[in-house]
Amino acid sequence: MSAAPIGKDLLGLEHLSADQIRLILDTAEPFKEISLRAIKKVPTLRGMTIVNLFFEASTRTRISFEFAEKRLSADTVNVASSGSSVSKGETLVDTARNLEAMKIDMVVMRHGASGAAKFLADRIRSNVINAGDGTHEHPTQGLLDILTLRDRWGSLEGRRVCICGDVLHSRVARSNIWGLRKLGAEVAVCGPRSLLPNAIDELGVTVFGRIEEAIEWAEALNILRLQLERMQAGYIPSLREYNRVFGVTRERLERSPRDLVIMHPGPMNRGVEIDSDVADGPHSVILDQVTNGVAVRMAVLYLLAGGRPEVAEAAKG
Amino acid sequence: MTSSSTVLNAQAVARTIRRMAEEVVELFDGTDDLVLVGIQRRGVQLADRLAAVIESIEGVRVPRGALDITLYRDDLQTVGPRPVVGKTHLPWAIDGKRLVIVDDVLYTGRTIRAALDELADFGRPARIALAVLVDRGGRELPIHADVVGKRLDVAPGSRVDVMVTELDGHDAVELVGGGKG
């Protein structure tokens, strides 16, 4: 077991304390500077092996983790489900055991099933980082969103953030709700009823059914991707209808009583949940989110890799 | 109960820093291309003090930077929960510069090795010197200081604490544990 101050694994923000979240954010701050250096690399995790195990397609999260790992000098291996033994019927546990038998130190895993990261973490000694599990959590995305807002505001205390769009299918939404509320922010969600989970208000959030209400209330909008691949199920009448009713447009933002911070975890459907002149406009911090993502992931890797008593014991001899 | 004794009081710290500043200027025969880089945390304040004295002697404001070596430590796999990472701030190119690394205490030499590794990632200075307020002996690596405020021979079980007004409310150097080697 690791004596890391945030535990052996990072599975979600639901079970982290406010202090643990602040520790990760504070640790991420100095890591930002490394990405600005001519040589964007420190030797901190030299000798450690990290497997990026992506059972679902992901480009930006995997690349962001890979940058973070390489900037800390870890050795990395990328495994995608297609073409691997997983597609030949191997179970998750067998995959993990095989990887661990190859003496890896950490696993970064994206999986389509909620709870898959915990399932794995309970069965292997390596540190596990959840890079998105089903519709459950995506903790590093939540942390980078919170860091981006903290950079802007200094503190989250009493600030109002509205998460807009397809909350039902979003793992980002849950991590944001838990993390933001723990740091003292007020959180709301806004979207068509068909894309909001039942009993969402039990998470302590306000629910808006009209985007105009959300814009009037919020200081920041975190606009979620409409998961088009799931839209065959008839959650909304049409994309055009969705944009007309819930799309964040410049005209709508101009009616806001304040300068709203505009966020989006990407990839964006321009002209659906967000218009291009909003995504590229002066209030958008979308690219700051991407930059902060690398720093947050470096911080998480650094904190999880800390303090391995078994190594310390061996070193004494 | 752990005993402690004052090695340098505030006046002695001020006198020592003044002498160190003079030695730095002498070592480099002036201040051309001179840069002071303090190691987080107390090395940064000591670098500021040295720079202020150098300015009073030479009339030149010497640039200063800060170096946090945490990510370059060679014992991160063995220490407990990760140490807090501080900020590195070197806002200029260090190629061709004459750098003085400033730290409070020189002990095993591992911090300085890490600092040299980190500096190498930023560029290629013309020369690097080391200035420390206290050299307590006990080196584990072949590293020496060019400018030393106070030399002590301290047993491994004892500790040298450097206090600076900016962080601790007063200036002093104390020996904790008492046993000189």
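Look above for the structure.
What counts, and where the lines are drawn
Residues numbered from 1 in each chain as written. Chains lettered and ligands numbered in written order. Predicted model: local features only at pLDDT ≥ 70, side-chain atom pairs only at ≥ 80, totals over all residues. Heavy atoms only, no water. Helix = DSSP H or I, 4+ residues; strand = E, 2+ residues; numbered from the N terminus. Buried < 20%, exposed > 50% of the residue type's maximum accessible area, 1.4 Å probe, protein only. Areas by Shrake-Rupley, 256 points an atom, 1.4 Å probe, with all protein chains shown as cover. Salt bridge = Lys/Arg side-chain N within 4 Å of Asp/Glu carboxyl O. Phe/Tyr/Trp six-rings, centres within 6.5 Å; stacked < 30°, edge-to-face > 60°.

J.: How would you explain the overall build of chain B if you had to name every residue and give the values?
T.: Per the secondary structure count, chain B includes four helices and eight strands. When the helices and strands of chain B are read in sequence order from the N terminus, they spell out β-α-β-α-β-β-α-β-β-β-α-β. The dimensions of chain B, computed from C-alpha atoms along their principal axes, are 50 × 40 × 30 Å. In chain B, which comprises 181 residues, the proportion classed as buried is 49%. Accessible area for chain B stands at about 8400 Å²; split by element, carbon and sulfur atoms hold 48% of it.

J.: Got a sec to walk through the pattern of salt bridges? Specific residues and values, please.
T.: Throughout the structure, instances matching the rule amount to 33 salt bridges over all chains. Of the charged contacts, one joins D9(A) and K8(A) as a salt bridge, the two residues approaching to 2.9 Å between their closest N and O atoms. Residue K97(B) pairs with D33(B) through a salt bridge whose shortest N-O separation is 3.8 Å. Placement of the pair is K97(B) in the loop between strand 3 (64–67) and strand 4 (98–106) and D33(B) in the loop between helix 1 (10–27) and strand 2 (34–39), with a sequence separation of 64 residues. Judged by relative accessible area, K97(B) falls into the partly exposed class, the value being 24%.

J.: Help me get a handle on unusual backbone geometry, residues and values and all.
T.: All names here are of chain A. Geometrically, the link from G266 to P267 is a cis peptide bond, its omega value of -10 degrees lying close to zero. For P267, the location among the structural elements is in the loop between strand 9 (261–263) and helix 10 (276–279). At S73, a residue that is not glycine, the phi angle is positive and equals roughly 70 degrees. Residue placement: S73 occurs in the loop between helix 2 (60–71) and strand 2 (75–80). Overall, the relative accessible area of 14% leaves S73 in the buried class. Backbone geometry places K103, a non-glycine residue, at a positive phi of 65 degrees. Mapping K103 onto the fold places it in the loop between helix 3 (92–101) and strand 3 (106–111).

J.: Lay out the environment of A10(B) in plain terms, naming residues and giving numbers.
T.: All names here are of chain B. You can see A10 is positioned in helix 1. Classification of A10 by relative accessible area gives partly exposed; the value is 33%. On a C-alpha basis, the gap between A10 and A93 in space is 35 Å, while along the polypeptide they are 83 residues apart.

J.: Break down the packing of aromatic side chains for me, with residues and values.
T.: All names here are of chain A. Inspection of every chain in the model, using the stated rule, returns three aromatic pairs over all chains. Seen from their ring centres, F31 and Y302 are 5.6 Å apart, and the 65 degrees between their planes marks the pair as edge-to-face. With F31 in helix 1 (residues 18–34) and Y302 in helix 11 (residues 286–304), this residue pair connects regions lying 271 residues apart in the sequence. Both residues of the pair, F31 and Y302, count as buried. With a centroid separation of 5.6 Å and an interplanar angle of 55 degrees, the aromatic rings of F208 and W217 are classed as tilted. The exposure classification of F208 matches that of W217, with both residues buried.

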